[in-house]
Amino acid sequence: MSPPLCRIATRRSPLAVRQAELIADALSREAGVRTELLRVQTEGDQMLDHPLAAIGGKGLFVKELEHRLLSGDADLAVHSMKDVPADLPSGLTLAAICTRADPRDGVIAPHHKTIEALPAGSRVGTSSLRRKAQLQAQFPDLQFLDLRGNVGTRLKRVQEGDFDAIVLACAGLQRLGLDEQITQALEPEVCLPAIGQGALGIEIAEDHPHAQAWVGALHDPATAAAVTAERMVSRALSGSCQVPLAAHAVCTGDQEVQLQACLARPDGSLILRAAAEGESRIAGAMAAKQLLEQGGADILAELGVAGYA
């Protein structure tokens, strides 16, 4: 009797496929299942001529995959956790959060190497309001410009001179074997990472008879505790691509974390910071409360976020 088949939904980008392949290899090894990738064209991958904040945010990268789970066409979906909205559709659950890779942002600056060395007026490409706000505040003489597309497209544009530097997640470059392209890794003190950055999540239908058992061995409790704290900040502040929000937690014990968070105006003219520690969900809620009390509600109202506008 042949092993059961596990159908894995993934976006079609090279990075998404590579991440799904890593999960497929682990499932074959740990659960003894056969795997098949279901490559799905998502709305976010098709709309590359507009900033993410203008077209609905990172949820555009996951909803088509979630449709495949709910329809029964796929057994599980693999996501970068930074792309997963704080609230999941009814009937779906995150069955596993895998061991986190490097959560930092990476600079690719072929000629100047570091962001500090870039001359005034240099063009820096990034698709993230979070990165723009934090870096604009520290490097006001640089131009931070929108850059969309898959990793290869972005690297080509900086190599061809369209940008003097670009900023991408270190984890994605590492998974693609492109570590050598990173000329500087930005520590969280310089640019606090995106919520969930560096972690992969596995989403399944709650009523799937086997998927939870298949992925159980891939779940990392320490990463899950850290990402849960970060996602609590996002949930409390209605986080999305339209909100320059960042959070990074480190697990210090059984469900205990140390958490940093920040909320900014898009132009970097105001950056609020918070820190909390304790049980992951409590720490996340505490950090969100601090940000709101410091003026975060006003920033969210300025951005037209529901519940604060």
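Note that this is a predicted model, so its numbers are computed, not measured.

Thresholds, definitions, all that
Residues numbered from 1 in each chain as written. Predicted model: local features only at pLDDT ≥ 70, side-chain atom pairs only at ≥ 80, totals over all residues. Heavy atoms only, no water. Helix = DSSP H or I, 4+ residues; strand = E, 2+ residues; numbered from the N terminus. Contact = heavy atoms within 4.5 Å. Polar contact = N/O pair within 3.5 Å; in protein donor to acceptor, adjacent residues only side chain to side chain. Pairing = 2+ DSSP bridges. Axes fitted to C-alpha atoms, helices over the stretch in contact; angles between N-to-C directions. Phe/Tyr/Trp six-rings, centres within 6.5 Å; stacked < 30°, edge-to-face > 60°. Lys NZ or Arg CZ within 6 Å of the ring centre and 35° of its normal. Salt bridge = Lys/Arg side-chain N within 4 Å of Asp/Glu carboxyl O. Buried < 20%, exposed > 50% of the residue type's maximum accessible area, 1.4 Å probe, protein only.

Engineer: Explanation requested: the environment of Arg 100 in the structure shown.
Structural biologist: Tracing the backbone through its elements, the reader meets Arg 100 in the loop between strand E4 (92–97) and strand E5 (105–108). Note: C-alpha distance between Arg 100 and Ala 275 (175 residues apart in sequence) is 21 Å. Every residue in contact with Arg 100, bar those within four places of it in the chain, is listed here: Gly 196, Gln 197, Gly 198, Ala 199, Thr 223, Ala 226, Val 227, Glu 230, His 248 and Ala 249. Side-chain polar atoms of Arg 100 contact the backbone oxygen of Gln 197, separated by 2.8 Å. Polar side-chain contacts of Arg 100 include one of 2.8 Å to the side chain of Glu 230.

Engineer: What's the story with the sheet that holds E5 in this structure? I'm lost.
Structural biologist: Sheets are built from strands that pair by backbone hydrogen bonding, the pairs being arranged parallel or antiparallel. The sheet built from 5 strands is open, its strands ordered E7-E6-E8-E5-E9 with mixed pairing. Only two strands of the sheet have a single partner each, and these edge strands are strand E7 (143–145) and strand E9 (184–186). Across the sheet, the mean angle separating the axes of adjacent strands is 30° when strand polarity is ignored. Judged from the 2 bridges that link them, strand E6 (residues 123–125) and strand E8 (residues 165–169) form a sheet pairing that is parallel. Its bridge partner being in E8, Gly 125 is matched across the sheet by Ile 166. Sitting on the sheet, helix H6 (residues 151–159) is in contact with E5 and E8, with an inclination near 160° to E8.

Engineer: Just to check I follow, could you spell out the pairing of strand E11 (residues 245–253) for this structure?
Structural biologist: The pairing of E11 with strand E12 (residues 256–264) spans 8 bridges and is classified as antiparallel. Its bridge partner lying in E12, Ala 246 is registered against Cys 262.

Engineer: Looking at this model, I keep getting lost on the packing of aromatic side chains. Mind explaining?
Structural biologist: Within a pair of aromatic rings, the relevant descriptors are the distance that separates the centres and the angle that separates the planes. Tallied over the full model, the rule gives 0 aromatic pairs. We note Arg 123 situated over the ring of Phe 163; from NZ or CZ to the ring centre the distance is 5.7 Å.

Engineer: Just checking my understanding: could you explain the pattern of salt bridges for this structure?
Structural biologist: A side chain of one charge can pair with a side chain of the opposite charge if their charged atoms are brought near each other. In this structure the tally under the stated criterion is 13 salt bridges. Residue Asp 75 is joined to Arg 7 by a salt bridge in which the shortest nitrogen-to-oxygen separation is 3.0 Å. Of this pair, Asp 75 sits in the loop between helix H4 (63–71) and strand E3 (76–80) while Arg 7 sits in strand E1 (residues 5–11), and the two are 68 residues apart along the sequence. Asp 83 is the salt-bridge partner of Arg 11, the closest N and O atoms lying 3.4 Å from each other. Of this pair, Arg 11 sits in strand E1 while Asp 83 sits in the loop between E3 and E4, and the two are 72 residues apart along the sequence. Asp 83 matches Arg 11 in its accessibility class, with the two residues each being buried.

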